[in-house]
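Here is how the chains run, residue by residue.
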Amino acid sequence: MTTYAGVPTGADHRLSMDELAAVIARDIPAGSFVNLGIGQPTKIADHLPADSGVVLHTENGMLNMGPKAEGDAIDPDLTNAGKVPVTELPGAAYFHHADSFAMMRGGHLDVCVLGAYQVAFNGDLANWHTGRPDDIPAVGGAMDLAIGAKDVYVMMTLFTRTGEPKLVPRCAYPLTGLGCVSRVYTDHAVFDVGPGGVRIRETYGVGARELTERLGLTPS
Amino acid sequence: MSRAEIVDSADAAVAGIEDGSTVLVGGFGLAGMPFDLIDALIRQGAKDLTIVSNNAGNGDVGLAALLAAGRVRKVLCSFPRQADSWVFDDLYRAGKIELEVVPQGNLAERMRAAGAGIGAFYCPTAVGTPLAEGKEVREIDGRTYLLEYPIKGDYALIAAHAADTLGNLVYRKTARNFGPVMATAATTTIVQVDKVVEPGTLDPEAVVTPSIYVDRVVQVTARQYTVQGAR
């Protein structure tokens, strides 16, 4: 089932990753405990309003992580999950790895935002391994986050460099988690995914009908 | 011996580590990496080691140097491939090292189980993925879980901020990472610290690793390696 009638157009152009980060920051409920993984999603932190009350979790063992550290503030003992030096905010807390992952698995984390190679219409996620024989597999905390956070959002480009959709009927890459993604934020549109199928929430510089055709969604 | 021993050098701290040992190595990237203990282990010469650590070495120091010295047979880790993991990458592609990829939370929890006397546990992580292969599957209250077994070390090499002479440990910021869990999961836990203090100096409310888990402690000069694994 796909719906596109009345889908709001959020912008007249394809979003940059920074613009997309701002869209995701807008949608994160105030006061949430949030994990932003590594890479692109960490940009979302720069767009959270100061009064959002969002507490950032980093899986290497910290709550209320602050912005990236610069200059003299760089402390080798204080990094995020991407090993980038960061700072601590008032009210920060440190804990060991088993506790950090119990926070996810135990259902205490509200939202995590991950990158992806592919997401399936039913919410299956593939983001850890291309499956190529010469590729060294590296999973990190992706599988734990995928099954742990109450809401798993994906942030990615909608198409590969060669124009293949990354929102697909069924993932071709090795899976990270089954049916775990609830929302997919892309440069062209935002989608809800899951057992009920795909719903386009918002589009950027492209019509919902055209997207439906390019992705092979079933029009409602 | 049950009481922790304060030793004079990193070399004395790693004395007796046998060939073929399973060694838990603390650190997340370079934060919390026990550099001095690893360098001493390279000098000590133990080989055919199985290393359990979050990463498989960054740059040319610490764990990467141990790998480069050809002492490691197998690595269990969650995230080997990084921008600066060239030592591991070359060994792996040349077929000179075995790799078992373990999701990060399972790595921690399997060591926690080992330290807590848990025989195995059911965990929802990795259900339906290639990492579920060969694992017992069980449905509990409508959710699917995999049976995960403990990871026990012969030795743990970890870094903490300070110890008292009994072996109680406190850590610093995110350098804590795997230290407290690994300390519980090894037969012999060896710790390098920036300072050793007298009992009564550490706030008992703030002790993270109680001395019962600690076997050997050595004070080292803090090294401020810049983080370089960013990706």
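Described in the following lines is the structure provided in the data block. (Residues numbered from 1 in each chain as written. Chains lettered and ligands numbered in written order. Predicted model: local features only at pLDDT ≥ 70, side-chain atom pairs only at ≥ 80, totals over all residues. Heavy atoms only, no water.)

Describing the overall build of chain B
Note the threshold: Secondary structure is summarised from DSSP: a helix means a run of H or I of at least four residues, a strand means a run of E of at least two, and numbering begins at the N terminus for each. Within these notes, the globule rule equals 2.2 Å times the number of residues to the 0.38 power, and the radius of gyration is based on C-alpha atoms. Residue exposure (1.4 Å probe, protein chains only): buried if accessible area is under 20% of the type maximum, exposed if over 50%, otherwise partly exposed. Per-residue accessibility takes into account occlusion by the displayed protein chains alone, with areas from the Shrake-Rupley method and a 1.4 Å probe.
Within chain B, the secondary structure is distributed over 6 helices and 12 strands. For a compact globule of 231 residues, the expected C-alpha radius of gyration is about 17 Å, and chain B comes in at 18 Å, within 12% of that figure. C-alpha extents for chain B along the principal axes are approximately 50 × 45 × 35 Å. By residue count, 59% of the 231 residues in chain B fall in the buried class. Carbon and sulfur atoms make up 47% of the accessible area of chain B, which totals about 9200 Å².

Quick word on the sheet that holds strand β8 (residues 125-126) of chain A
Strand pairing in a sheet relies on backbone hydrogen bonds, with the paired strands running either antiparallel or parallel. For clarity, the cut-off: The criterion for strand pairing is that DSSP finds at least two bridges linking the strands in question.
Ordered in space as β8-β7-β10 (chain A), the 3 strands form an open sheet in which the pairing is mixed. Since the sheet does not close on itself, it has two edges, and those belong to β8 and β10 (167-168) of chain A, each with one partner.

Brief notes about empty space enclosed by the protein
Empty space among the atoms becomes visible once a probe the size of a water molecule is rolled across them. Residues and elements named next belong to chain A. Keep this limit in mind: Only protein atoms enter the 1 Å grid used here. Points where a 1.4 Å probe fits but cannot escape make up a cavity, open sets with protein on both sides within 12 Å along at least five of seven lines make up a pocket, and a residue lines them when an atom lies within 4 Å of a point. Grid points are joined across faces, edges and corners, and a volume is the space filled by probe spheres set on the points. For this classification, Asp, Glu, Lys and Arg are treated as charged, while Ala, Val, Leu, Ile, Met, Phe, Trp, Tyr, Cys and Pro are nonpolar and the rest, including Gly, are polar.
Here the structure, examined in full by the defined rule, presents 1 cavity of 30 Å³ or more. What the largest cavity holds in volume is close to 40 Å³. Lining the largest cavity, in full, are Asn35, Leu36, Gly37, Thr42, His57, Thr58, Glu59, Met65, Asn80 and Ala81. Tallied by class, residues from the lining of the largest cavity come to 3 nonpolar, 6 polar and 1 charged.

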